[in-house]
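Observations on the model geometry
Residues per chain are reported as follows:
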Amino acid sequence: MVFIPTFFFVSVTPGMCMTLALSLGMTVGVRRTLWMMLGELVGVGLVACLAVLGVAAIMLQYPTLFQLLKYGGGLYLAWLGIQLWRSRGKLALSPVDAGPRHIPARTLVSQGFITAIANPKGWAFFIALLPPFIDNQAPLPGQLLILVSIILSLEFICMLLYASGGRTLSRVLQQKGKVQLLNRIAGSLMLGVALWLAIG
């Protein structure tokens, strides 16, 4: 009864993954954003399992392990954001053809995965909140399966809400002929995620 509302509140709060879902929902559409969600859910599930197993505690003691992944992922997302600001690149919408852009599924999956696992705050969050819900007297695998399944379900629902909101905003701005503004909003969100990764 406590676990579900606690993790729902944490998931629905704006963060890196939700911002990324909103941005991609605006530019590639909800259906294509599902690929990013797949990568993000795999990353979140991995972080949650490792947190319970204690590996996350070791990772947090050696933050340099995050640096290459964090900065590499952040630079890539920043580059995408700059391309959007300049109304260029695969994500950008043009006034003539303002439909969703096509980005390879593997690229979207990797974006979601990197964003999920390269966030030290995510690791710290799972270390703090997940273990108290584990019963030491009961078998761990079954408990972990149930808890992680609930977490991933809540995370998916929240990302879907954000991506749908982004798509709705995209349609409104396209109808008003403000495609460049749409690109700049999406680009700013992408740059925000990149900055979040870099300084997180």
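Residues numbered from 1 in each chain as written. Predicted model: local features only at pLDDT ≥ 70, side-chain atom pairs only at ≥ 80, totals over all residues. Heavy atoms only, no water.

Quick look at the overall build of the protein chain now. Each helix and strand in the protein chain was counted, giving nine helices and zero strands. In sequence order, the secondary structure elements of the protein chain are arranged as α-α-α-α-α-α-α-α-α. Each of the 200 residues in the protein chain was classed as buried or not, and the buried ones make up 44%. A sequence separation of at least 24 residues applies to 85% of the contacts in the protein chain between residues at least 6 apart. Looking at the protein chain as shown, the accessible area adds up to about 10,100 Å², and 71% of this sits on carbon and sulfur atoms. (Helix = DSSP H or I, 4+ residues; strand = E, 2+ residues; numbered from the N terminus. Buried < 20%, exposed > 50% of the residue type's maximum accessible area, 1.4 Å probe, protein only. Contact = heavy atoms within 4.5 Å. Areas by Shrake-Rupley, 256 points an atom, 1.4 Å probe, with all protein chains shown as cover.)

Moving on to helix 3 (residues 29–53). Here helix 3 contains 25 residues, and its C-alpha end-to-end distance of 36 Å stays within 8% of the 36 Å for a straight helix at 1.5 Å per residue. At W35, helix 3 shows its maximal kink, close to 30°. Remark: G54 follows helix 3 within two positions and exhibits a positive phi of approximately 95°. (Expected span 1.5 Å × (residues − 1). Bend = angle between axes of the 7 residues up to and from the residue.)

This part takes up the environment of G187. The residue G187 is located in helix 9 (residues 179–199) in this model. Along the primary structure G187 and G81 are separated by 106 residues, whereas in three dimensions their C-alpha atoms are 3.9 Å apart.

Turning our attention to the nonpolar core. Within soluble globular proteins, side chains that are nonpolar tend to cluster in buried spots. The biggest cluster of nonpolar side chains holds 26 residues, and the ones touching the most others in it are L20, A21, L24, M36, L77, M159 and M190. Looking at this core, the elements with two or more residues in it are helix 2 (16–27), helix 3, helix 5 (64–85), helix 8 (140–175) and helix 9. It is helix 2 that contributes the most residues to this core, six residues altogether. Counting residues in hydrophobic clusters, the runner-up holds 19 residues, among them V44, A48, L144 and L154. (Core = buried A, V, L, I, M, F, W, Y, C linked by side-chain atoms within 4.5 Å.)

It is worth spelling out the environment of V193 at this point. When you line up the elements, V193 lands in helix 9. Here the alpha-carbon distance between V193 and G81, two residues 112 residues apart in the chain, equals 9.3 Å. Ignoring sequence-local partners within four residues, the contact set of V193 consists of M16, T19, L20, L77 and T115.

With that settled, consider the environment of L129. Following the sequence through the fold, L129 ends up in helix 7 (residues 120–129). By relative accessible area, which is 27% here, L129 ends up partly exposed. Along the sequence, L129 and A51 sit 78 residues apart, while their C-alpha atoms lie 9.7 Å from each other.

What follows covers the packing of helix 2 against helix 3. Taken N-terminus to C-terminus, the directions of helix 2 and helix 3 make an angle of 155°; their axes are 7 Å apart at the nearest point. Taken as axis vectors, helix 2 and helix 3 run roughly antiparallel relative to one another. Here helix 2 and helix 3 pass one another in a crossing that is right-handed. Contacts between helix 2 and helix 3 pair C17, L20, A21, L24, G25 and T27 from the former with G29, V30, T33, M36 and E40 from the latter. Of the residues belonging to the contact of helix 2 with helix 3, the class tally is six nonpolar, four polar and one charged. (Axes fitted to C-alpha atoms, helices over the stretch in contact; angles between N-to-C directions. Parallel < 35°, antiparallel > 145°, perpendicular 65-115°, else oblique. Left-handed = near helix turned anticlockwise from the far one by under 90°. Nonpolar A, V, L, I, M, F, W, Y, C, P; charged D, E, K, R; others polar.)

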